[in-house]
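Architecture and fold: a report
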Amino acid sequence: MQAAVARGVRGSVMSWRGWPARWAMWVVARRRWIGYAVACEVVAVAVTVTGLVTGFGGPVRPVWFGALVAVGVAQAEMSRRIERLRRWMSGQTHINVTSVWYLSGAFLLPPAWVALLALVLYLHLWLRVWRNVRTRPAHRFAASTAWAMLSCFAASAVLTVGGLDNVGIDSWYGLGALVLAAAVFEVVNAGLVAAGIFLYTNSRSPADLIGTWEDNAFELATLCLGGLAALTLVWQPVLVVFVLPPLLLLHRYLLLKQQLQVAAVTDEKTGLLNTAGWHDLATREFTRARRRGQGSGFAVLMIDLDYFKRINDTYGHLTGDEVLAAVALAIERSVRQTDTVGRFGGEEFVVLLPATGGTHVLGVAERVRNTVGQLTVAVGGAVRISGLSVSVGVACYPDAGDTLDEVLRTADAALYRAKDAGRNRVSV
């Protein structure tokens, strides 16, 4: 698992380089997501500038703003490595702990200044943590920053409009104001993020759109710590340092949980999904395809590395493992980011291609076969292994079967037809 993390960080998509016109967004993102993201970014800038110019919410207290920036940056620096690993392993939703300082800001600062606080803390995370993580390209960072700014502005604006921004935090009204700010922040942020994820991925899974119950429990815990941070900043600012240890421990716990989850579904030799992990994702895609009905489908490729036993017998099993890892990477590079590659054990791989069928899937299968055929694997500097080939079996739902298992069996039968016909070929 650590090797997979390292490979992902080293091979990160450097779409952050250059001006927005050169971002990967224009290639990988849907137009509707681009429109939504740009609209959110424009609105975030507009409300922040308007709030600053008009003085909405009253004058800023520079001490509070400076203190929140300082503790937010300090906390991010102390958990920088943890956050980088968590971000790499996260799915569509990712809960970071900066909301602790946003809630404090919503109670202590005017709306525009809370939005500026979110901007400053997100920029620091980008420069120090996220920009070298392949799952955090620049266009998604910009959108996430806008969503955080809008959520912070909304939480503080509700208190300002309701006349709760000057309520003493040591009263029941102050407690109610904190709860209201937290609720508004959470609802607005969850709505903006869920809409963005849906437009980006077209996923309807609640776990993808709003996170798991554990994700939301973690967000609730950080908001509670944010309330405690606000209390300490008002009553005894120096005590805010006592918020940091539980925050860091909570962050580390989330990392350990994610590491265990990743290890449970990851093949150790190749970094791909193992059988259980791949089958879980394939089951979800099958359920979505069946729900969408006629005209919806997916394809499965069963791939077997030809004559792999000869490599093990000639060069040893360690070299064989390196060849498997190289072939796995070649397969991943031959398919789309939305496709799912797994290892079924031995020298057999499997690929799930959502919303794919007909002649297109044959083109993908041939691309995989050609890419592997062009591989040259350098082992130990002196040994170079080339002339690799794969046999590929193709099956499409619903033509190949009414269940996922039937589609897999059909693809497996097609694979063995390819091997019986002489290997290094695609069979349907």
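Remember, it's a predicted structure, so these values are computed and weren't measured experimentally. All residue numbers refer to position in the chain's written sequence, counted from 1. Totals for whole chains, interfaces and linings use all residues, but because this is a predicted model, local features are given only for residues with pLDDT of at least 70 and pairs of side-chain atoms are given and counted only at 80 or more. To obtain the side-chain values, all non-hydrogen atoms of the structure were included, while hydrogens and water were left out.

1. A short note on the packing of helix H4 (residues 62-78) against helix H7 (residues 111-128)
Relative to each other, H4 and H7 sit at 25°, their axes nearing to 10 Å. When the interaxial angle is binned, H4 and H7 end up roughly parallel. Seen along the crossing, H4 lies across H7 with a hand that is right-handed. Contact residues: H4 offers Phe65, Leu68, Val69, Gly72, Val73, Ala76 and Glu77, while H7 offers Trp113, Leu116, Leu117, Val120, Leu121, His124, Leu125 and Arg128. Asp, Glu, Lys and Arg are counted as charged, while Ala, Val, Leu, Ile, Met, Phe, Trp, Tyr, Cys and Pro are counted as nonpolar; the rest, among them Gly, fall into the polar class. Looking at the contact of H4 with H7 residue by residue, the class counts come to eleven nonpolar, two polar and two charged. Helix axes are fitted to C-alpha atoms over the stretch in contact, other axes to C-alpha atoms as well, and angles between N-to-C directions run from 0 to 180 degrees. The helix and strand labels rest on DSSP assignments: H or I over at least four residues marks a helix, E over at least two residues marks a strand, and numbering proceeds from the N terminus. Oblique is the label for every angle not falling under 35 degrees (roughly parallel), over 145 degrees (roughly antiparallel), or within 65 to 115 degrees (roughly perpendicular). Should the near helix be turned counterclockwise from the far one by less than a right angle, the crossing is left-handed, whereas a clockwise turn marks it as right-handed. Should any heavy atoms of two residues lie within 4.5 Å, those residues are counted as being in contact.

2. A word on the packing of aromatic side chains
Ring geometry is summarised as follows: Phe, Tyr and Trp rings, the Trp one being its six-membered ring, pair when their centres sit within 6.5 Å, and such pairs are stacked at plane angles under 30 degrees, edge-to-face over 60 and tilted between the two. Overall, the coordinates contain ten aromatic pairs when judged by the stated rule. Judged by centre distance (5.5 Å) and plane angle (85°), the ring pair of Trp278 and Phe344 falls under edge-to-face. One end of the pair, Trp278, is in helix H13 (residues 275-292); the other, Phe344, is in strand E2 (residues 340-345), and 66 residues separate them in sequence. Classification of residues uses two cut-offs on accessible area relative to the type maximum, computed with a 1.4 Å probe and protein chains only: under 20% is buried, over 50% is exposed, and between them is partly exposed. Judged by its relative accessible area of 23%, Phe344 falls in the partly exposed class.

3. Some thoughts on the UniProt feature "transmembrane region" (unreviewed entry) in the protein chain
UniProt positions are given in the numbering used here, feature names are shortened, and annotations may be inferred rather than shown by experiment. As recorded in UniProt, the feature "transmembrane region" (unreviewed entry) lies at residues 33-56, 100-125, 145-164, 176-200 and 220-250. For the annotated span residues 176-200, helix accounts for 100% and strand for 0% of the residues, and the straight-line distance between the end C-alpha atoms is 36 Å. As annotated, residues 220-250 has a helix share of 74% and a strand share of 0%, and its two end C-alpha atoms lie 12 Å apart.

4. A closer look at the environment of Gly72
Its place among the elements puts Gly72 in helix H4. Judged by its relative accessible area of 4%, Gly72 falls in the buried class. Separated by 27 residues in the primary sequence, Gly72 and Ser99 have C-alpha atoms spaced 9.6 Å apart. Each residue touching Gly72, except ones within four places of it in the same chain, is listed here: Trp101 and Leu121.

5. A closer look at the pairing of strand E3 (residues 348-354)
The element E3 is largely enclosed, with a buried count of seven among its seven residues. Of the two faces of E3, both are covered, the one formed by Glu348, Val350, Leu352 and Pro354 as well as the one formed by Phe349, Val351 and Leu353. Paired strands, as defined in this entry, are two strands with at least two bridges between them according to DSSP. Pairing analysis gives seven bridges linking strand E1 (residues 298-305) to E3, with the strands arranged antiparallel. When the bridges of E3 are listed, Met302 appears paired with Val350. Pairing analysis gives five bridges linking E2 to E3, with the strands arranged antiparallel. Of the residues in E3, the one forming a bridge with Gly342 is Val350. Counting the residues between successive antiparallel strands, the hairpin from E2 to E3 contains two residues, one of them, Gly346, with a positive phi of roughly 60°.

6. Brief notes about the pattern of salt bridges
One speaks of a salt bridge when a side-chain nitrogen belonging to Lys or Arg is within 4 Å of a carboxyl oxygen belonging to Asp or Glu. Tallied over the full model, the rule gives nine salt bridges. Its salt-bridge partner being Arg369, residue Glu366 comes within 2.9 Å of it at the nearest N-O pair. Highlighted residues: Glu366 and Arg369, both in helix H16 (residues 358-373), separated by three residues, approximately one helical turn. Residue class for Arg369 comes out buried when judged on its relative accessible area of 18%. The network of salt bridges with shared partners includes Asp304, Asp306 and Lys419.

7. Examining the nonpolar core
Inside soluble globular proteins, nonpolar side chains tend to come together where they are buried. Residues belong to one nonpolar core when they are buried, are Ala, Val, Leu, Ile, Met, Phe, Trp, Tyr or Cys, and are joined through side-chain atoms within 4.5 Å. Core analysis: the largest hydrophobic core is formed by 64 residues, its most contacted members being Trp33, Trp101 and Tyr102. Contributing elements (two or more residues each) for this core: helix H3 (31-54), H4, helix H6 (99-108), H7, helix H8 (138-161), helix H9 (172-201), helix H11 (213-235) and helix H12 (244-265). The element contributing the most residues to this core is H8, with twelve residues. One finds Ile311, Val335, Val368 and Leu388 within the second-largest nonpolar core, a separate group that totals 33 residues.

8. Section: a nonpolar patch on the surface
Nonpolar side chains collect at one region of the surface, where Val238, Leu239, Val241 and Phe242 lie side by side and expose about 390 Å² of accessible area between them. Tracing the chain through its elements places Phe242 in the loop between H11 and H12. Put simply, a patch holds well-exposed residues, over 30% relative accessible area, that have no salt bridge, with like charges counted together within 9 Å and Val, Leu, Ile, Met, Phe, Trp or Tyr side chains within 5 Å. Here the Shrake-Rupley method, with its probe set to 1.4 Å, supplies the accessible areas, and only the displayed protein chains count as covering residues.

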